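# Per-entry structural report
The residues making up each chain are set out below.
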Amino acid sequence: MAELKKEYVDIRDRRHKVEHLINSNEDKNNQERILQELFYILTKKGRRKPA
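The structure reproduced in this document is the subject of the present report.

## Brief notes about the overall build of the protein chain
On a plain count of helices and strands, the protein chain comes out with one helix and two strands. Seen in sequence order, the protein chain has helices and strands lined up from the N terminus as β-β-α. In the protein chain, which comprises 51 residues, the proportion classed as buried is 4%. For the protein chain, the exposed surface amounts to about 5800 Å²; the carbon and sulfur share of it is 54%.

## Section: the pattern of salt bridges
Pairing between side chains becomes possible if they bear opposite charge and their charged atoms approach one another. Inspection of every chain in the model, using the stated rule, returns four salt bridges. Overlapping salt bridges, with partners in common, bring together Glu19, Arg33 and Glu37 in one network.

## Considering unusual backbone geometry
Positive phi, close to 65°, is recorded for Asp13, a residue that is not glycine. You can call Asp13 exposed: its relative accessible area is 64%.

The rules behind these values
Counting starts from 1 at the beginning of each chain's written sequence and moves along it residue by residue. In keeping with the predicted nature of the model, local features appear solely for residues at pLDDT of at least 70, side-chain atom pairs appear and are counted solely at 80 or more, and the whole-chain, interface and lining totals rest on all residues. Hydrogen atoms and water are omitted, and side-chain values are computed over all heavy atoms in the structure. The helix count covers DSSP runs of H or I at least four residues long, the strand count covers runs of E at least two residues long, and both are numbered beginning at the N terminus. Burial here depends on accessible area, computed with a 1.4 Å probe over protein chains only, as a share of the maximum for the residue type. Under 20% is buried, over 50% is exposed, and the range in between is partly exposed. Only the protein chains shown count as cover for residues, with accessible areas throughout obtained via the Shrake-Rupley method and a probe of 1.4 Å. When a carboxyl oxygen of Asp or Glu is within 4 Å of a side-chain nitrogen of Lys or Arg, the pair counts as a salt bridge.

This is the structure we're talking about:
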């Protein structure tokens, strides 16, 4: 298996930890967690300015 990154640096030079999840059809709890986290990230109000 390839070596995956454990952190990344954003455009503001801030470091962020990375968590890699594997989605499988058998693990419904993991699928639910991924969907909840994506929904939260995509719908949260942030300091981003609209394009």
